[in-house]
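So the chains spell out like this:
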Amino acid sequence: MGNGSSMLTQYDIEGVQEHCSNTFSQQEIVSLYQRFCQLDRSGGGFISADEFMTVPEIAVNPLSQRLLRMLDGLNFKEFVLFLSAFSSQASLQLKVEFIFKVYDSDGNHKVSFNDVLDILRDLTGQFIAEHQREHVLTKVLEEAGYRKDSVLVPADFMKILGSSVLKMEVEVPVD
């Protein structure tokens with residue numbers, strides 16, 4: 001299970017389905033496998049950052065470098081698990097955990113004011129001055145009950161985003 005010349009068995013499909021908590025149907029997993037094989041140009045069973053950059057949606061995404069840190073070197077099971085946060089079947093908890101990982105750029109399981117500020121820089125570029133970004137972020141944190149020196153953990157993200165309707169869905173084409 002990894003390169004274009006191999007086929008997924010029913011056992012493989014069920015294993016991947018279980019690994020991603022049944023967020024994708026068996027047909028979707030087969031479609032994702034076909035896409036994975038297209039991206040895995042080296043045929044090594046893993047997708048490199050360079051191979052991911054061939055996906056236009058990733059290449060133009062202002063958060064692409066953060067996403068690539070999460071994506072580089074994924075095998076098929078990990079690829080599906082990564083994408084499961086975007087499934088319509090994904091729980092709010094899974095979606096919030098994914099968002100937290102994007103913000104936690106150093107992987108220390110904590111998100112600081114500067115981590116969020118870095119995301120805002122990536123998203124806004126030159127369109128907003130640095131002092132405006134800092135002011136907006138300070139206000140948003142205060143409204144959520146946090147201070148500029150607060151360090152957020154996954155439970156804080158769940159508290160802040162838990163009442164939201166997060167639309168993070170990707171349609172997986174099924175033949």
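The structure presented is a predicted model; accordingly, all values stated were derived computationally and were not measured. (Residues numbered from 1 in each chain as written. Predicted model: local features only at pLDDT ≥ 70, side-chain atom pairs only at ≥ 80, totals over all residues. Heavy atoms only, no water.)

Engineer: Which residues make up the overall build of the protein chain, and what are the values?
Structural biologist: Looking only at helices and strands, the protein chain features ten helices and zero strands. Counting the 175 residues in the protein chain, one finds 39% classified as buried. A total accessible area of about 10,300 Å² is found for the protein chain, and carbon and sulfur atoms account for 53% of it. (Helix = DSSP H or I, 4+ residues; strand = E, 2+ residues; numbered from the N terminus. Buried < 20%, exposed > 50% of the residue type's maximum accessible area, 1.4 Å probe, protein only. Areas by Shrake-Rupley, 256 points an atom, 1.4 Å probe, with all protein chains shown as cover.)

Engineer: Pulling in residues and values, what's your account of the UniProt feature "domain: EF-hand" (unreviewed entry) in the protein chain?
Structural biologist: Under the UniProt annotation, "domain: EF-hand" (unreviewed entry) lies at residues 27–62 and 91–126. Between the end C-alpha atoms of residues 91–126 there is a gap of 35 Å, over a span that is 67% helix and 0% strand. (UniProt positions renumbered as here; feature names shortened; annotations may be inferred.)

Engineer: Before we move on, can you summarise helix H9 (residues 130–143) with the specific residues and values?
Structural biologist: Residues spaced three or four apart along an α-helix face the same direction, because each turn holds 3.6 residues. Spanning 14 residues, H9 covers 20 Å between terminal C-alpha atoms, matching the ideal 20 Å at 1.5 Å per step. Buried-residue contacts for H9 involve helix H8 (113–124). At the exit of H9 stands Gly-145, carrying a positive phi of roughly 90 degrees. (Expected span 1.5 Å × (residues − 1). Contact = heavy atoms within 4.5 Å.)

Engineer: Outline the environment of Gln-89, listing residues and values.
Structural biologist: By the secondary structure assignment, Gln-89 is in the loop between helix H6 (76–83) and helix H7 (92–103). Residue classification places Gln-89 among the exposed positions, given a relative accessible area of 56%.

Engineer: Could you give an account of the environment of Ile-58, naming the residues involved and the relevant values?
Structural biologist: Relative to the helices and strands, Ile-58 is located in helix H4 (residues 56–59). Look at Ile-58 and you get buried, because its relative accessible area is 14%. Considered as a pair, Ile-58 and Leu-68 are ten residues apart in the sequence and their alpha carbons are 8.5 Å apart. In contact with Ile-58, not counting residues within four places along its chain, are Phe-52, Met-53, Ser-64, Leu-68 and Leu-71.

Engineer: Tell me about helix H2 (residues 26–39), and please be specific about residues and values.
Structural biologist: Over its 14 residues, H2 extends 20 Å from the first C-alpha to the last, a length consistent with the 20 Å expected when each residue adds 1.5 Å. All of the buried residues in H2 are Ile-29, Ser-31, Leu-32, Tyr-33, Phe-36, Cys-37 and Leu-39. Buried residues in H2 make contact with helix H1 (10–19), helix H3 (49–52) and H6.

Engineer: Quick one: what's the story with the packing of aromatic side chains, residue by residue and with numbers?
Structural biologist: Under the defined criterion, the tally for this structure stands at ten aromatic pairs. Put simply, the rings of Tyr-33, Phe-36, Phe-52, Phe-76 and Phe-79 pair up and form one aromatic cluster. (Phe/Tyr/Trp six-rings, centres within 6.5 Å; stacked < 30°, edge-to-face > 60°.)

Engineer: How would you sum up the packing of helix H5 (residues 64–71) against H7? Please name residues and give values.
Structural biologist: For the pair H5 and H7, the least separation of the axes is 9 Å and the interaxial angle reads 110 degrees. The angle between H5 and H7 places the two elements in the roughly perpendicular class. Listed contacts from H7 to Arg-66, Leu-67 and Met-70 of H5 are Phe-98, Lys-101, Val-102 and Tyr-103. The residue inventory of the contact of H5 with H7, partitioned by class, reads five nonpolar, no polar and two charged. (Axes fitted to C-alpha atoms, helices over the stretch in contact; angles between N-to-C directions. Parallel < 35°, antiparallel > 145°, perpendicular 65-115°, else oblique. Nonpolar A, V, L, I, M, F, W, Y, C, P; charged D, E, K, R; others polar.)

Engineer: Account for the environment of Glu-130, with residues named and values stated.
Structural biologist: Within the element layout of this structure, Glu-130 appears in helix H9. A relative accessible area of 27% places Glu-130 in the partly exposed class. If sequence neighbours within four positions are ignored, Glu-130 has contacts with Leu-117 and Arg-121. Side chain to side chain, Glu-130 and Arg-121 meet in a polar contact 2.5 Å long. Among the polar contacts made by the side chain of Glu-130, one reaches the side chain of Arg-133 at a distance of 2.9 Å. (Polar contact = N/O pair within 3.5 Å; in protein donor to acceptor, adjacent residues only side chain to side chain.)

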